[in-house]
Amino acid sequence: MNALYDAYAALTGWIFEHALQPLLYAAGLMDWAEDLYDWLDFALFGLFGILAVWLVCRPLEAWRPVEPRQDRRAIRTDMLYTVLTRLGLLPLLAFVFLASVQAMWEGWLTEQGLLPPTLEELVPALRAHPLLAFACYVVILDFGEYWRHRAQHTLRWWWALHEIHHAQRQMTFWTDDRNHVLDDVLAALWFGGIALLIGVPPGQFPLIVLLLRLAESLSHANVRLDFGRLGERLFVSPRFHRLHHGVLSAGAQGKNYAVLLPVWDWVFGTADFRRGVYPPTGVPDGDEALATGGWLRQQVGGLRRMAGALGLRRRPAAAPSDAAGLDPRPGPQARTRTPA
Amino acid sequence: MRRALLALWLGLVGLLPGTARADLVYVLNSADASISVLESTTREEVRRIPVLREVHHLILSPDRSELMVGDSGGNEMIYIDPATAEVKRRERFSNPYHMELTPDGKLLVVTSLRRDQVDIYDSASRALLTRLRVPDKPSHLAYTPDSRMVFVTLQGARSLMAIDLAERKPIWTAEVGSQPAGVTWHRGRLLVGIMGSDHVAVVNPADGKVERTIFVGRGAHTIVPSPDGRVLYVTSRVDSRITVLDGETLNPTASWPLPGGPDCIAFDPQGRLWVTLRWIARVAVVDPATGQAETIPVGRSPHGIFVQPRATPLPPLTVSEVVPPPAEAAVVPTAADAGTAPAHQPAIWRRMLTR
């Protein structure tokens, strides 16, 4: 394991010294060297994550697919999303932006005679139990992700962007990163903001992102797999999340919003633990461009629909249509199909 | 027979007290939330001290009995017994990035790189005397020998700022070059490493005027005088080298390639240089006579470094030290709060398990 660590350090060192640092120097940005060095972890962990997910999910999808792979073009579009997202550009920008905001905020606080607290100061036991501290960060961030996800479905303008993610009718493990760029920006700000607020150590941040990303990719996989009666309540499974992507599950009546821990759905009444239910995915009556268009077409389509939802265009977005911005469509049970 | 006697004699010499050394080398792993403690002779990591967030620089306390380690991200000052590597206590402290005691030991000046603040403390009580809001990214600092002035590099503002410590207010701010980093007082002049360029700027402390530039290689960073003051060592991060300057003329006399982004330097009793290599998670031990280096693995992005002379090896940790202290003890860490961990588990797991 030490050899692996040394090899990783040598690799990141070589990339930084020979590729990134000369660029920084040429651009007159050497004072951002440490930040870019941190970003390398994001990018490499992202690439490692793609490889790990492919090695785990591809055999699973071949073993017990929910549905046959028919629309390979749609899957290739999702692959493009994955590569663009996991290079870590957005987390970098969000982190740099938020770190600057945090520095200003903490600077102001200290000038008022206050010191920003850390999670370990609020819960001193965490200092002596770093693994527990790591778990706490994961739980808190996962809780934040649950509510972000609910907001994506509840707010009309946000749903207009998030619909791209749900439009995929050929859902595979590649679908996890199928998001509008603006949606990704909002997600990165949300996630990074919470991480900085609770003071996630910089060295652990990429590990937490990697962990959640691995869980999310698996949960999108085209595999007939549940974790059993108890396991379904502990971790989000492909079955649990496919139900969320069911054609009638989008919008405020949706179920199973959790990213890693289903307990949030359980607590807030949005859980559906029916094992064996694998509904078709997609958004009925949605914009076909979002389902089958290429990357650019989907991006433009998402923006147009968001503009409509905000009243900036004459034609509003199709989804959530009641006064509260909630989706009036019936629940998922109406059109689910049971496994063969 | 002669050979046997020679072997016996050599063996006895090896056992004589004072010939063996086991200096402790403290390395601050800024991206790993930990401090590596190395033994200089065996080159092994004998302790790994977890910290909250980001440790960058360290100094000896005014009475030289404790190491003060600044955890800038964690807003904490960590006090360590340098002879035993024991964490004695921790103090809430605003963003301690770079810090130095005045030569007379009365004041402690701390730069907060991210918060654009320079804090002046009473060194004995650590009572905050003044907090100055300064331009972008105050980085390193140096004093006049009479402790009346402190000079702070402003990385994001291309400038050097002079602060009067009696008045506790800036006297002048002068442009010295792109992203100035390290600064050192040397024989009546200030030497500033211009990280965004390839040289050291020689600055007049009276007005901040750059009088001369000395080429050292791209990414000039810190300037550290040798223990005898006869030469100065300058690290260059981009060209990854150490340049040796003659202390009298300031002319370069040697240049040693050192891959990995050399940064801070400390000296052991034998005069060897211990250099942190920021980008490859290692420290280098450099022979000042030849420039030859060997490297030792530590944590990610090692930054500050300190060598504590010691004659005997550090004893192994006892069971009570290995087991984390109870939560109550961790609130107000004491000498009993181990705060240390054996460095035997694989580094990648240490990284996972430490903050």
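Described in the following lines is the structure provided in the data block. (Residues numbered from 1 in each chain as written. Chains lettered and ligands numbered in written order. Predicted model: local features only at pLDDT ≥ 70, side-chain atom pairs only at ≥ 80, totals over all residues. Heavy atoms only, no water.)

### A word on the interface of chain A and chain B
Applicable threshold: Note on definitions: a residue-residue contact is assigned when non-hydrogen atoms from the two residues lie within 4.5 Å. Note on terms: buried area is the combined drop in 1.4 Å-probe accessible area of two parts once they are placed together, counting the loss on both. One speaks of a salt bridge when a side-chain nitrogen belonging to Lys or Arg is within 4 Å of a carboxyl oxygen belonging to Asp or Glu. Polar contacts, as used here, are pairs of N or O atoms within 3.5 Å; protein pairs need one atom able to donate a hydrogen and one able to accept it. Residues neighboring in sequence count only if both atoms are side-chain atoms. Working definition: helices are DSSP H or I runs of at least four residues, strands are E runs of at least two. Numbering for both runs from the N terminus.
Contacts between the two partners involve 55 residues from chain A and, on the opposite side, 57 residues from chain B. Where chain A abuts chain B, roughly 4,800 Å² becomes buried across the two surfaces, and 54% of that area is made up of carbon and sulfur atoms. Together, Tyr5, Tyr25 and Arg127 of chain A form the three largest contributors to the area buried by chain A at its contact with chain B, with a combined 17%. Linking chain A to chain B there are eight salt bridges. Arg237 of chain B is the partner of Glu34 of chain A in a salt bridge, and the nearest nitrogen-oxygen pair spans 3.2 Å. Run the count over chain A and chain B and you get 24 residue pairs in polar contact (both at pLDDT 80 or more). Elements supplying a minimum of two residues to the side of chain A that touches chain B: α1 (2-27), α2 (33-63), α4 (89-111), α5 (119-122), α6 (125-128) and α7 (130-154) of chain A. Counting residues per element, the side of chain A that touches chain B draws most heavily on α1 of chain A, which supplies eleven residues.

### Examining the sheet that holds strand β4 (residues 55-60) of chain B
Residue and element names in this part refer to chain B. Note the cut-off: At least two DSSP bridges between two strands are required for those strands to pair. Axis definition: a line fitted to C-alpha atoms, over the contacting stretch in the case of helices. Angles run 0 to 180 degrees between N-to-C directions.
Here four strands make up an open sheet; going across it, the order is β4-β5-β6-β7 and the pairing antiparallel. In this open sheet, the two edge strands, each paired with only one partner strand, are β4 and β7 (86-92). Put simply, the sheet's adjacent strands are angled 25° from each other on average, direction ignored. As paired strands, β4 and strand β5 (residues 67-71) are joined by four bridges and run antiparallel to one another. Looking at the pairing, Ile59 lines up with Met68 of β5.

### Description of the packing of helix α9 (residues 181-198) of chain A against helix α10 (residues 205-220) of chain A
The angle between the axes and the distance between the axes are what describe a pair of packed helices. Residue and element names in this part refer to chain A. Here is the rule: Convention used here: angles under 35 degrees read as roughly parallel, angles over 145 as roughly antiparallel, angles from 65 to 115 as roughly perpendicular, and any remaining angle as oblique. Crossings are classed by handedness, with left-handed meaning an anticlockwise turn of the near helix from the far one by less than a right angle and right-handed meaning a clockwise turn.
The contact between α9 and α10 brings their axes to 12 Å, and the two run at 135°. For the element pair α9 / α10, the angle class is oblique. In terms of crossing hand, the pair formed by α9 and α10 is right-handed. On α10, the residues touching Phe191, Gly192 and Ala195 of α9 are Phe205, Ile208, Val209 and Leu212.

### Notes on the packing of aromatic side chains
Residues and elements named next belong to chain A. Condition: Ring pairs are drawn from Phe, Tyr and Trp, using the six-membered ring of Trp, whenever the two centres fall within 6.5 Å, and their geometry is named by plane angle: stacked under 30 degrees, edge-to-face over 60, tilted for the rest. Only protein chains enter the accessibility calculation, which uses a 1.4 Å probe. A residue is then buried if its area is under 20% of the maximum for its type, exposed if over 50%, and partly exposed in between. Lysine and arginine charges are scored as sitting over a ring when NZ or CZ, respectively, is within 6 Å of the ring centre and within 35 degrees of the ring normal.
For the coordinates displayed, the defined rule picks out 23 aromatic pairs over all chains. Relative to Tyr37, the ring of Phe16 lies with its centre 5.5 Å away and its plane at 90°, an arrangement referred to as edge-to-face. Of this pair, Phe16 sits in helix α1 while Tyr37 sits in helix α2, and the two are 21 residues apart along the sequence. The exposure classification of Phe16 matches that of Tyr37, with both residues buried. A network of ring pairs unites the aromatic residues Phe143, Tyr146, Trp147, Tyr257, Trp264 and Phe268 as a single cluster. A cation sits over an aromatic face here: Arg64 above Trp63, 5.4 Å from the ring centre.

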